[in-house]
Amino acid sequence: MTAPVAGAVQPYRWRWPALFVILAAEVMDLLDALVTTIAAPTIQKDLGGSDSLVQWLGAGYTMAMAVGLITGGRLGDLYGRRRMFLVGATGFTAASLLCGVAMSPEMLVGSRVLQGLFGAVMIPQGLGLIKEMFPPEEMGKAFGMFGPVMTISSVGGPVLAGWLVDADFFGTGWRMIFLINLPIGLAAALAGLRFLPERRLSDATRLDLVGVLLVSVASVLLIYPLIQGRELDWPAWTFVSMAASAVVFALFGRYEARRSASGKDPLVTPSLFRKRAFTGGMVAGLAFFSGMIGLSLVFSLYTQLGLGYSPLKAGLTGLPQAIGGVVGFGLAMSGLREKLGRGLLQIGVVVMAAGAAVLGLTIHLAGLDVGPWQLAPGLLLVGVGMGLTMAPFFDIVLAGVEPRESGSASGTLTAVQQLGGALGTAVLGTLLFNLLKHQWSFGAAMQAAVWVEIGLLALTFALSFLLPRHPVPEQQAAH
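Residues numbered from 1 in each chain as written. Predicted model: local features only at pLDDT ≥ 70, side-chain atom pairs only at ≥ 80, totals over all residues. Heavy atoms only, no water.

Q: What is the right way to look at the overall build of the chain in this model?
A: Secondary structure assignment for the chain yields 18 helices and zero strands. What you see for the chain is a C-alpha radius of gyration of 21 Å, in line with the 23 Å of a compact globule of 479 residues. Its C-alpha atoms give the chain principal-axis dimensions of about 60 × 50 × 50 Å. Per element, the accessible surface of the chain, about 19,400 Å² overall, is 68% carbon and sulfur. (Helix = DSSP H or I, 4+ residues; strand = E, 2+ residues; numbered from the N terminus. Rg over C-alpha atoms; globule rule 2.2 N^0.38 Å. Areas by Shrake-Rupley, 256 points an atom, 1.4 Å probe, with all protein chains shown as cover.)

Q: What exactly am I supposed to notice about unusual backbone geometry here?
A: For residues that are not glycine, phi is negative in most cases, and the peptide bond is trans in most cases. Positive phi values are uncommon outside glycine, yet Asp168 reaches one of about 55 degrees. Structurally, Asp168 can be placed in the loop between α7 (146-167) and α8 (176-179). Located in the positive-phi region is Gln439, a residue other than glycine, with phi close to 70 degrees. Mapping Gln439 onto the fold places it in the loop between α17 (406-437) and α18 (442-463). We classify Gln439 as exposed; its relative accessible area is 70%. (Buried < 20%, exposed > 50% of the residue type's maximum accessible area, 1.4 Å probe, protein only.)

Q: Teacher, can you tell me more about helix α14 (residues 319-340) here?
A: One turn of the α-helix equals 3.6 residues, which is why residues spaced by three or four share an orientation. The largest bend along α14 measures about 65 degrees and falls at Met333. Among all positions in α14, only Pro320, Gln321, Ala322, Gly324, Gly325, Gly328, Ala332 and Arg337 are buried. Positive backbone phi, approximately 60 degrees, marks Gly341, located one or two places after α14. (Bend = angle between axes of the 7 residues up to and from the residue.)

Q: Looking at this structure, how should I read the side chain of Ser241?
A: Checked against the element boundaries, Ser241 lands in helix α11 (residues 236-261). The class for Ser241 is buried, based on a relative accessible area of 9%. The residues touching Ser241, leaving out its near neighbours within four places in the chain, are Leu221 and Pro225. (Contact = heavy atoms within 4.5 Å.)

The following block contains the structure:
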């Protein structure tokens, strides 16, 4: 999320209560992106379904979020940010209720997709509303609130999920990880009605519905066979589907170029893809976020199904990584981001790869006798590297685009972040289950996943040399 360029904005009377409404929406989104990683084995045991259910719980949400984010912000421009925030928050809450009462794997995955779509309507409105409500001198303080809230959510999300599943409040078991959204979502919607301002841009453009359809179809053609192909023993159509995905993405690019040339507002500004820094950053982001999210999923499966940990113990075992992320982000924000620029991102990737290597070596040496404290050093290093990498990432990539392109570039990068999560869940989850199917031990399969993550980090490091050395000073990122 990029901070706005300073300009004359009249302070809005209820801007601080409105900011907390926006932050509540961010908390719901972050928690729901994390909780199923821990709860997935319990959900599968209760509802049944194949191993692919474990992957779809995360991939369905992030894929829908990725596709929806590209156009979610423009809905606010067209119909009013307050109105679309309320639609998103209400729909997200209703979808959470559907998740909580789901009686079949299909209903749960479908409800997760709905969550992602409504989240994509809700989340982008926050940036525009903050731009409208706060004067320049308060803007930094407002965006500064996102860091602690996102940090607390990322640290507490998996632990909260494990605790709720183990506590089994009112006999709800895993369902409470979704039902807890009901009071938060209803409070956010009601407070939004009271405190959010209603303004609409007079020069808002029409939606690019054909572009949305093309990118949606391309994403599904890629992710669906990656997840389902293993269980079906990789029939020919899975490879045809993945090849067709590349064709549809290419058609999307040509359509967007033609739309831009005809004077219409495209979904993604085509000139971005002619910039080496942006395309390199986009592929680097896809590799980085795929590995990061995919590793989190397989590590949770390893601790619960391989080591026999309870959901709460699994959440607590992953805590060093979350704490490391806080430490890394804090170090980056203490001045290293501005001083080192691209170098900080590269240092972070190397530290993260070293942590993954330590984690893999620990699992190799200890086998199934490994305990949480033995896993902690590797996880801590992974987290520190993650924080160091993520802090400058959006700033650095956006430094390579023109100011008029920054809105489209920021939205595209955020969508790539979510698509990377879906892709990582599909690829690393499929790898793990495929190796287990071929009689690999859980420890050996986990080590293989770690090596894939190290490979993705190596790709990220190589691509980072295409990025600008330093961010443009005026461009600040809050992610």
